[in-house]
Amino acid sequence: MKILFKIILYQIHDISRSRWILFYTVFYLILTYGLIQFSNDQSKIILSLLNVALMIIPLVSIIFGTVYLYNNKDYIILILSQPIKRNILYLGLYLGLVIPLVLSFFIGTLIPLVFLSRDILFQIPLLFLFITGLFQTSIFVSVSFLIATWNDNKILGLGLSIFAWLLFSVLYDGLLLLMINVFQNYPLEKALIGFSILNPVDLARILVTLKLDVAALMGYTGAVFQKFFNTNLGTGISIFSLTAWTIIPLIIGKAKFSRKDF
Amino acid sequence: MLSQNGIKYCRTILHNLLLMGYQKSISVSLLIIIFFLSIPVIPAKSFLVGSNNYFKTIQSVLTAAQDGDTILVEKGVYKENTLIIKKSVKIIGLGFPVLSGENKYEIMKIKSDDVLIRGFLFKDSGINFIYDNAAVKLDSVKNCIIEENIFSNNFFGIYLSRASSCKILNNKLEAFNTKETYSGNGIHLWQCRGMIIKNNKINGHRDGIYFEFVKNSEIEQNQSEANLRYGLHFMFSDSCRYAHNNFTKNGSGVAVMFTKNVDMHNNRFEYNWGGAAFGLLLKDISDSKIYRNQFLKNSCAIYFEGCNRVNTFENNFAENGTAIRLMANSMDNIFARNNFISNSFDVSTNSTRSYNSFEFNYWSEYKGYDLNNDGFGDIPYRPVKLFSIIIEKNRPALILLRSLFVDILNVAENIFPSLTPKTLLDIKPKMRKYL
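Residues numbered from 1 in each chain as written. Chains lettered and ligands numbered in written order. Predicted model: local features only at pLDDT ≥ 70, side-chain atom pairs only at ≥ 80, totals over all residues. Heavy atoms only, no water.

(A) Looking closely at the overall build of chain A. Along the backbone of chain A there are eleven helices and zero strands. For chain A, the α and β elements follow one another from N to C terminus as α-α-α-α-α-α-α-α-α-α-α. The C-alpha atoms of chain A give 20 Å as radius of gyration, which agrees with the globular expectation for 262 residues (18 Å, within 12%). Taken along the three principal axes of its C-alpha coordinates, chain A extends 60 × 45 × 35 Å. Within chain A, the proportion of its 262 residues that are buried is 53%. The long-range share in chain A, meaning contacts at least 24 apart out of those at least 6 apart in sequence, stands at 81%. Across chain A, the mean location of the 18 positive side-chain charges is 10 Å away from that of the 10 negative side-chain charges. (Helix = DSSP H or I, 4+ residues; strand = E, 2+ residues; numbered from the N terminus. Rg over C-alpha atoms; globule rule 2.2 N^0.38 Å. Buried < 20%, exposed > 50% of the residue type's maximum accessible area, 1.4 Å probe, protein only. Contact = heavy atoms within 4.5 Å. Lys, Arg positive; Asp, Glu negative; His and termini not counted. Charge placed at Lys NZ, Arg CZ, Asp CG, Glu CD.)

See the structure below:
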């Protein structure tokens, strides 16, 4: 455990010196500040933040994660020459990246909100936004680590990362829309709930959209979704899905990492 | 002043004389008239009703009173079965006496012209689906005035049928039923003409104000709030004017159907939010004007179905789910000089063509430029997004709302329109919003 903490602390220290993470924080600072300046409607601010979070966080996390693991190859080989378990090293690297990324998202969005729009802080959708940010970061870093351990070829790894991001944020919705169109004569609501749970980006988007009572706009579909996600079962299943998306790639990646020949 | 009875008496005498052929004695009859005119007028009597007076019940006065009399009712609770008013009297409550229907019967039925009811608290008319129990029911009357009353927990509040030129002013109506089927309308008009409904507050009824077959009437400055179904509901009511009313948080907003020549202006439609809620639902409306209204936070601000030649101008549409839902069977409508501000969808339609025109509107999502500085954008604005077309055809697709994929589709469609109606565009969108 001690070693795990040491690795995490070292990584955080290392990352916080890099300019990337600073840009990332400043980006959220400027974005949130701009949104507050241009919009008076609080739920619109949260919605826009969510929109960006759902697009930017996965992209940044997955690319940052892949590049990070490739760049630290020498460091990893060095550490592995010490009597340190590979599992702990992998976990240390993972948390050492997730924690700074999440923190910079939190700090970047919270600072303008605290200073400029304090009453927004106590709204439940904001909490959802932060939970979304946390999960998106942890899921996509874990996926990126899996990709990077699987492939030694940097270009292929990076390509796969970008493809994975495209798949989750764009292509999946495209396929869903296609499916909705093809099967439009059937009651699709329940199937759609199932499909939206499978994709962490869609799930997060729908959860927050429903919380921001855009649900009324959706009529019957919205009502079905609201009914499902407002029950304990629905909440449980969505949290389970998000956690599974974090843990399963992490476990597979860890197994790969343990047996990997550097 | 001349008493009405006096005039009537004169008239009959004059009439009789003429009929009987006493042509020459017209001068005599004139003399008689002058004689009557010179009699000091007997003022209309006024009665006082109360527990300490000779008249303890309103019913007893009604039998004693004549046309034109005034009945003053002192404070107290009156449970007198249904009061039927067949004389043209003024009934005025002092300090809001309570007329109770004991949750069983209708409280008051007016069957005479020129009746005035003022200052009562009407309470607990029972629910009855056969007789449509109302607190006050007016049937086939003219020139009645119902003003400054409070109506509480009634099935129907004020119910008028076949009435004309009546005024409903400054009343407050509230009901507490939670089921639409067990609830009646606040102000209900059927087959009426020339009515004025002004400055009433209606809360918690089924429909706040209900019109069917009403002509030439004015509805002004009313507040219809939190009614179970519609804030205002009218059908087959031509040539009416609705102005300066507030319709807020009603179950399904306002519904307007099968009507010509409607004037709706300066109203506020707010917070009509829900799966089946519309700020303003228009079905088969033609030759009408909707202007200077505020539409705020409705899940659908205006829904057009089968509407022709409706001019919609100078309205504000802000933060609605869909500002305008335009069905393909609506033609020749004009939307001009409106503000569309932060609506999730500005216009949605199920048609690939458009026979309506949009011009000089301000769209907050417009991203064009104005090189010649005339205040209008140089490139047209397409208010219909591809996604709104998809949704119109296929409702469940709405779960993709705010997805990146959908944004990309919208941008692509905007550049090369193929599915959205090519002709549905605002050629001259305003750069800054109208104040």
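Next comes the rest of the write-up.
(B) Geometry of the interface of chain B and chain A. With 26 residues of chain B at the interface, the matching set in chain A holds 28 residues. Overall, the association of chain B and chain A removes approximately 2400 Å² of surface from exposure, summing both partners, and the carbon and sulfur fraction of that is 68%. One can count zero salt bridges joining chain B with chain A. Where chain B packs against chain A, one counts four residue pairs in polar contact (both at pLDDT 80 or more). Contributing elements (two or more residues each) for the side of chain B that touches chain A: helix H4 (386–393) and helix H5 (404–415) of chain B. By residue class, the composition of the side of chain B that touches chain A is 13 nonpolar, eight polar and five charged. (Buried area = accessible area lost by both parts, 1.4 Å probe. Salt bridge = Lys/Arg side-chain N within 4 Å of Asp/Glu carboxyl O. Polar contact = N/O pair within 3.5 Å; in protein donor to acceptor, adjacent residues only side chain to side chain. Nonpolar A, V, L, I, M, F, W, Y, C, P; charged D, E, K, R; others polar.)

(C) Up close: the packing of aromatic side chains. In the structure shown here, the tally under the stated rule is 43 aromatic pairs over all chains. One aromatic cluster is present, formed by Phe247, Phe269, Phe295, Phe304, Phe317, Phe335, Phe340, Phe358, Trp363, Tyr366 and Tyr381 of chain B through successive ring pairs. Directly above the ring of Trp150 of chain A sits Lys256 of chain A, whose terminal nitrogen or CZ lies 4.6 Å from the centroid. Stacked on the ring of Tyr434 of chain B, the Lys or Arg Lys430 of chain B has its end atom at 4.9 Å from the ring centre. (Phe/Tyr/Trp six-rings, centres within 6.5 Å; stacked < 30°, edge-to-face > 60°. Lys NZ or Arg CZ within 6 Å of the ring centre and 35° of its normal.)

(D) The arrangement of the nonpolar core in detail. All names here are of chain A. Within the largest apolar cluster, 89 residues are counted, with the highest numbers of intra-cluster contacts made by Phe145 and Phe229. Here this core takes 15 residues from helix H3 (residues 42–71), the largest share from any one element. Ignoring any residue separated from it by four or fewer positions in sequence, one finds Phe229 in contact with Ile193, Ser196, Ile197, Leu203, Ile206, Leu207, Leu210, Gly234, Thr235 and Ser238. (Core = buried A, V, L, I, M, F, W, Y, C linked by side-chain atoms within 4.5 Å.)

(E) Examining the confidence of the model for chain A more closely. Mean pLDDT over chain A works out to 87, with 97% of the residues at or above the 70 mark. Across chain A, element-level confidence peaks in helix H7 (residues 154–182) of chain A with a mean pLDDT of 92 and bottoms out in helix H10 (residues 219–229) of chain A with 77. (pLDDT = per-residue confidence, 0-100.)

(F) The arrangement of the pattern of salt bridges in detail. On inspection of all chains with the given rule, the structure shows 20 salt bridges over all chains. For Glu106 of chain B, the salt bridge is made with Lys109 of chain B, and the minimal N-O distance between the two is 3.8 Å. A relative accessible area of 5% means that Glu106 of chain B is categorised as buried. The exposure class of Lys109 of chain B is partly exposed, given its relative accessible area of 27%. For Lys385 of chain B, the salt bridge is made with Glu365 of chain B, and the minimal N-O distance between the two is 3.3 Å. In this pair, Lys385 of chain B is assigned in the loop between strand S38 (362–363) and H4 and Glu365 of chain B in the loop between S38 and H4, connecting sequence segments 20 residues apart. With a relative accessible area of 23%, Lys385 of chain B lands in the partly exposed category. Look at the salt bridges and you will find they share partners, linking Asp173, Asp202 and Arg205 of chain A into a network.

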